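# Coordinate analysis (summary)
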Amino acid sequence: MTASQPVCVGDVRRLAETAVPPEVWDFVEGGSGAELTLASNTPALESVAVVPRVLTGVSTSDTSGTLLGRPVAMPVAVAPMAYQRLLHPDGELAAARAAQDAGVPFILSTLSSCRIEEVTATGGTTWFQLYWLRDEELTSELVRRAERHGCSAIVLTVDAPILGHRLRDVRNGFTLPPGVRAVNLDAPDDEAHVPISGTSAVATHVAAIFCAELSWRHLARLREWTTLPLVVKGILDPRDARHAVDTGADAIVVSNHGGRQLDAAPPSVVALGPVIEEVGGACEVLLDSGVRGGTDVLRAIALGASGVLVGRPVLWGLAAAGEAGVRRVLSLIHAELSEAMTLAGCADLAATGELRTAEVRSCARHG
Ligand code: FNR
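Our subject in this report is the structure included herewith. Just so we're clear, the structure is a prediction, and the values are computed from it rather than from any experiment.

Turning to the site of the ligand, a few remarks are in order. Looking at the ligand, there are 23 residues lining it, with S109, T157, D288, R292 and R312 nearest. In this structure, an oxygen atom belonging to the ligand sits 2.7 Å away from a side-chain N or O atom of D288. Against a free-state accessible area of 610 Å², the protein chains account for coverage of 98% of the ligand. For the shell around the ligand, the per-class residue count stands at nine nonpolar, nine polar and five charged.

Further remarks concern helix α8 (residues 201-209). The set of residues buried in α8 consists of A201, V202, H205, V206 and I209. Along the axis of α8, the buried residues cluster in a sector spanning 135 degrees; they form a single face. Buried residues belonging to α8 abut α2 (22-29).

Let's shift gears to the side chain of S61. Examined against the element boundaries, S61 turns out to sit in the loop between β1 (48-51) and β2 (65-67). In terms of polar contacts, S61 uses its side chain to reach the backbone carbonyl oxygen of C346, at 2.7 Å.

Attention now moves to unusual backbone geometry. The backbone of L55 sits at a positive phi, close to 55 degrees, despite the residue not being glycine. Within the secondary structure layout, L55 lies in the loop between β1 and β2. A positive phi angle is found at L68, which is not glycine, with a value near 50 degrees. Counting through the fold element by element, L68 comes out in the loop between β2 and β3 (70-72).

A word on helix α10 (residues 238-246). Taken together, the buried positions of α10 are occupied by A241, A244 and V245. Here the buried residues of α10 occupy an arc of 100 degrees about the axis, which is enough to place them on one side. In α10, the exposed positions that point more than 90 degrees away from the buried face belong to R239 and D246. Turning to α10, the residues buried within the fold contact α9 (216-225), β8 (230-235), β9 (251-254) and α11 (268-279).

Glancing now at the packing of aromatic side chains. Evaluated as defined, the whole model comprises four aromatic pairs. Summarising the aromatic geometry, the rings of Y131 and F210 are spaced 4.4 Å apart at their centres and angled 35 degrees between planes, so their arrangement reads as tilted. Within this pair, whereas Y131 is found in the loop between β6 (126-130) and α6 (136-148), its partner F210 is found in the loop between α8 and α9, the two being separated by 79 residues in sequence. Each member of the pair, Y131 as well as F210, is classed as buried. Here the aromatic cluster, defined as three or more aromatic residues joined through ring pairs, consists of F27, Y83 and F174. It is R260 that lies over the ring of F27; its NZ or CZ is 5.1 Å from the centre.

This paragraph deals with the environment of H243. With respect to the helices and strands, H243 occurs in helix α10. Judged by its relative accessible area of 36%, H243 is partly exposed. In this structure, the C-alpha to C-alpha distance between H243 and W216, residues 27 residues apart in sequence, is 8.2 Å.

Time to look at the pairing of β8. Counting buried positions over the six residues of β8 gives six, a clear majority of the element. Bridge count for strand β7 (residues 153-157) against β8 is four bridges, and the pairing is parallel. Within β8, the position partnered with V155 by the bridge is V231. Pairing of β8 with β9, which is carried by four bridges, proceeds in the parallel orientation. Looking at the pairing, V232 lines up with I252 of β9. Handedness of the crossover is the feature at issue here: the chain leaves β8, passes through α10, returns alongside β9, and the resulting connection is right-handed.

All right, on to the pattern of salt bridges then. Evaluated as defined, the whole model comprises 22 salt bridges. Of the charged contacts in the structure, one is a salt bridge between R223 and D250, with a shortest N-O distance of 3.1 Å. Of this pair, R223 sits in helix α9 while D250 sits in the loop between α10 and β9; the two residues are 27 residues apart in sequence, bridging distant segments of the chain. Take D250: its relative accessible area is 33%, and that puts it in the partly exposed class. In this structure, R327 and E323 form a salt bridge, with 2.5 Å as the shortest nitrogen-oxygen distance. With R327 and E323 both in helix α13 (residues 312-343) and four residues apart, this pair spans about one turn of that helix. Each member of the salt-bridge network shares a partner with another, and the members are R97, D101, E323 and R327.

Attention now goes to the packing of α6 against α9. At a minimum axis separation of 11 Å, α6 and α9 run at an interaxial angle of 40 degrees. Viewed along their axes, α6 and α9 adopt a mutual orientation that is oblique. Where α6 crosses over α9, the handedness of that crossing is right-handed. Packed against α6, whose contacting residues are E136, T139, S140, V143 and E147, the element α9 presents H218, R221, L222 and W225 at the interface. Its residues assigned to classes, the contact of α6 with α9 comprises three nonpolar, three polar and three charged.

Reading the values: the criteria
Residues numbered from 1 in each chain as written. Predicted model: local features only at pLDDT ≥ 70, side-chain atom pairs only at ≥ 80, totals over all residues. Heavy atoms only, no water. Near = heavy atom within 4 Å. Polar contact = N/O pair within 3.5 Å; in protein donor to acceptor, adjacent residues only side chain to side chain. Areas by Shrake-Rupley, 256 points an atom, 1.4 Å probe, with all protein chains shown as cover. Nonpolar A, V, L, I, M, F, W, Y, C, P; charged D, E, K, R; others polar. Buried < 20%, exposed > 50% of the residue type's maximum accessible area, 1.4 Å probe, protein only. Helix = DSSP H or I, 4+ residues; strand = E, 2+ residues; numbered from the N terminus. Arc of directions from axis to C-beta. Contact = heavy atoms within 4.5 Å. Phe/Tyr/Trp six-rings, centres within 6.5 Å; stacked < 30°, edge-to-face > 60°. Lys NZ or Arg CZ within 6 Å of the ring centre and 35° of its normal. Pairing = 2+ DSSP bridges. Right-handed = clockwise from strand over helix to strand, strands pointing away. Salt bridge = Lys/Arg side-chain N within 4 Å of Asp/Glu carboxyl O. Axes fitted to C-alpha atoms, helices over the stretch in contact; angles between N-to-C directions. Parallel < 35°, antiparallel > 145°, perpendicular 65-115°, else oblique. Left-handed = near helix turned anticlockwise from the far one by under 90°.

In structure tokens form, the structure reads like this:
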């Protein structure tokens, strides 16, 4: 990325929108139902004010920390997102390289359009996101493959027994283009490519392959299958958080799947506090859904989260300029976080976690 360098994540989003076909943009941007949960995520984060400390003598801040016990340059991981070759021919490979460059983990989706082996060969930290499939043998083989090829955590997504009803995709009769497939499943996926008016082919495909009866027994089985750190993604209720910890989760992602699943779910930041209170440090608690910049990372850390996942902004970077675009997004977030920590008087993440927060009831948007 060079000419007219985007100076904020919003600039990257504007570039991305013109770079991809409208139905792909809708697939990325859309949520389920009336998109109320989707619409609530970022405003809810923005309503969290962080109270700065002064006269701390801090002129630069160290954003580095650990996630799942491993060093990271900032408390951020790239969220698992399906079919990234929809946005750029290099797909997940480009995003994984950019994540490595930024010093943060890349979470590879089960529905990745690049192979596990190729992505882990980039040499960065890769966590594998698991959708539990009806074919249990294939599910366990995916976990073994991820382990064999050096993935350092398994992330089980638990908020998608079925796919949320995404009206934009239904209206568009969305299908995957011929070159984009869930290549790691090594199975025919014709239904994902066949247009049927009034349906999303991706939803049809997912309905055919996902295990809709996912339960705590599956999590317990996964805990037996692997010794890798286990992350449970898509928890909003503190009782489920407790259960996940008791079943052996090493981390929880408080998430409403970017407003793509239950369209009555709360903004994830609203669910964060009770979850942190319940698990009381027994595991790491990450936040996603609506994170759009470094100040959102600051907010999450001040609220007690261990870190965040960045979702759509990474896809915007990918659409705008491939690997360079994702690098730009992650470096903008890093610079914003560092500057926000300094302005809040925090030398490091430990001090950031001690900041107070306040709720702002309404906030006007400028620019
Ligand atoms: C997702 N998300 C997702 N989650 C997951 O566990 N496995 C997946 O394959 C996908 N795929 C996916 C595709 C696209 C296009 C999007 C936008 C999202 C959800 C993702 O991991 C994360 O929870 C949300 O993206 C967070 O919301 P924001 O911050 O992107 O709005």
